[in-house]
Amino acid sequence: MAELSQPALRKFVDEIWNAEIVPTLVEYIAIPNKSPSFEPNWEKLGHMEKAVELFVAWAAQKLPALGATLSVERLPGRTPLIFIDVPGSARDGDTVLLYGHLDKQPEMTGWAEGKGPWIPVIEGDKLYGRGGADDGYAMFGALGALLALKEQGVPHARAVVVIEASEESGSPDLPIYMDALAERIGDVSLVVCLDSGCGDYDRLWLTTSLRGMVGGTLRVDVLEEGVHSGDASGVVPSSFRVMRQLLARVEDIETGAIKGDAFNAKIPEERQRQAKVAAQALGDQVYAKFPFVDGMKPNGAELDQLVLNRTWRPALSITGFAGAPEPVNAGNVLRPFTEAKLSLRVPPTTDAKKASAELKRILETDPPYGAKVSYAGEKDGSGWNAPATAPWLEAALEDASHASFGKPVAMMGEGGSIPFMGMLGEKFPRAQFVVTGVLGPHSNAHGPNEFLHIPTGKRVTEVVARVLAAHAVR
């Protein structure tokens, strides 16, 4: 491995984060640049452009030191994309792709007093506000790592930094840009994605898989209009009960297990072994990180199986309801319809398109009592399972975790989706992948009181620098 001084790396990273990155992220959090799915008027409002300008202004100051170029790519009807090309000092023709995004989730209710999605607040090691950890820090971490290598004269391959602005909407614009920029990107041998999570803040966590997503809206109609429940109940089947029957075709109500081969997949032995290591490292934080109500228990007792439940097994959530008034306003009326938003997480290797079609078939076929049933599927997204880790990368990650965190690396799948990962896997079939992030316990991405754990952001920046150095001499 190229000579890299860990004390010098630590000093450089701490200084650039304290003096430049954190203050810039404070400015960024204050910008309400919601992703297009949540703000159709994003272009007219100008918040996304303001965020892009902030990122570009900071990056532009670093370009001369790196000999890099920067462009803001703009395709008609698409969100902008920041493209930074950093020349390499090792292995001509070899390219590393470093990814992040700057669009944000919507506000969400429940923020603590004095905090809010667009109100940056620093408390101790935490920077509160929407987008800092998910994942505004990514460009700064990537360039910070490259600058740290430059300071020590440590070689690295050519690096391309791509920061998109539609990830929280499912990355609809990214494939278009990747095709348009294919020639400029070149042949990628390593992809570094900084948009994932970490099991705790004590070690380096690598994401080895991501579940896919199948979702849509299920509606059950039984009447043309609501009628008195005293008159109709017992004669007219409840639309809610019919919906329960339909959902029971898919989900075991006692265990939550999802039925059907279309929604399940065999869990690789390697991922089962990694789940045991992750469970041992996390202990009861596998479930205790969630804000359970008093007396509530998790869906199982074996920690490694809980890890696999949220990373490899399918699970159904009902994320929205319509057709019912607030309880305080509910009279004795048998409601004419019930409508529910379904969110079905599927295993990393499941074909989401086929799963979506099968879900529609199951729900709409032969409805109970002849009720009117319709299921409108939304955009499906398949998951991702990382390729086998090359020996050089495995050694580099272990070295980086010990150097930066003082503990061995841990690997675990993530229960959520990063829609573009499967696309990148197909586009760069020979590439190795480093997928990591700063979203650890209670960081609450997409929810209230989201925060960036600043020390973890610094340590992840160090890790990226060490991996790039190892990649250059592999």
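The preceding data block contains the structure.
Our subject in this report is the structure included herewith. (Residues numbered from 1 in each chain as written. Predicted model: local features only at pLDDT ≥ 70, side-chain atom pairs only at ≥ 80, totals over all residues. Heavy atoms only, no water.)

Moving on: the packing of aromatic side chains. All told, the structure shown has seven aromatic pairs when counted by the stated rule. Ring centres of Phe 240 and Phe 321 lie 6.3 Å apart, and the angle between their planes is 45°; this geometry places the pair in the tilted category. Here Phe 240 is found in helix α8 (residues 239-248), whereas its partner Phe 321 is found in strand β11 (residues 315-322), with 81 residues between them in sequence. Among the aromatic residues, those joined into a ring-pair cluster are Tyr 28, Phe 55, Trp 58 and Phe 140. Sitting over the face of the ring of Phe 337, Arg 219 holds its NZ or CZ atom 3.7 Å from the ring centroid. (Phe/Tyr/Trp six-rings, centres within 6.5 Å; stacked < 30°, edge-to-face > 60°. Helix = DSSP H or I, 4+ residues; strand = E, 2+ residues; numbered from the N terminus. Lys NZ or Arg CZ within 6 Å of the ring centre and 35° of its normal.)

This part is about the pairing of strand β13 (residues 337-346). Looking at chain direction, strand β9 (residues 212-221) and β13 are connected through ten bridges and run antiparallel. Paired with Gly 215 across the bridge in β13 is Ser 343. Sheet analysis places β11 next to β13, joined by seven bridges and oriented antiparallel. Across the sheet, residue Gly 320 finds its bridge partner in β13, namely Lys 341. (Pairing = 2+ DSSP bridges.)

Inspection of the secondary structure puts Thr 456 in helix α15 (residues 454-472). Apart from the residues lying within four places of it in its own chain, the contact partners of Thr 456 are Cys 198, Tyr 201, Gly 437 and Val 438. (Contact = heavy atoms within 4.5 Å.)

This part covers a nonpolar patch on the surface. Together, Phe 290, Phe 292, Val 293 and Met 296 line one region of the surface with nonpolar side chains, adding up to about 400 Å² of accessible area. Tracing the backbone through its elements, the reader meets Phe 292 in the loop between α10 (285-288) and α11 (303-311). (Patch = residues over 30% accessible without salt bridge, like charges linked within 9 Å, V, L, I, M, F, W, Y side chains within 5 Å. Areas by Shrake-Rupley, 256 points an atom, 1.4 Å probe, with all protein chains shown as cover. Salt bridge = Lys/Arg side-chain N within 4 Å of Asp/Glu carboxyl O.)

This paragraph deals with the pattern of salt bridges. One side chain can pair with another of opposite charge once the charged atoms of both are near each other. Enumeration according to the criterion identifies 26 salt bridges in this entry. Linking Glu 20 and Lys 62 is a salt bridge whose minimum nitrogen-to-oxygen distance equals 2.5 Å. Taken together, the residues span a long stretch of sequence, with Glu 20 in helix α1 (residues 6-29) and Lys 62 in helix α3 (residues 47-66) at a distance of 42 residues. Residue Lys 62 is classed as buried on the basis of its relative accessible area of 12%. Notably, a salt bridge pairs Glu 414 with Arg 310, separated by 3.0 Å at the nearest N-O pair. With Glu 414 in strand β16 (residues 410-414) and Arg 310 in helix α11, this pair connects stretches of sequence that are 104 residues apart. We note that Glu 414, like Arg 310, is buried. Because the salt bridges share partners, they merge into one network encompassing Arg 10, Asp 14, Arg 459 and Glu 462. (Buried < 20%, exposed > 50% of the residue type's maximum accessible area, 1.4 Å probe, protein only.)

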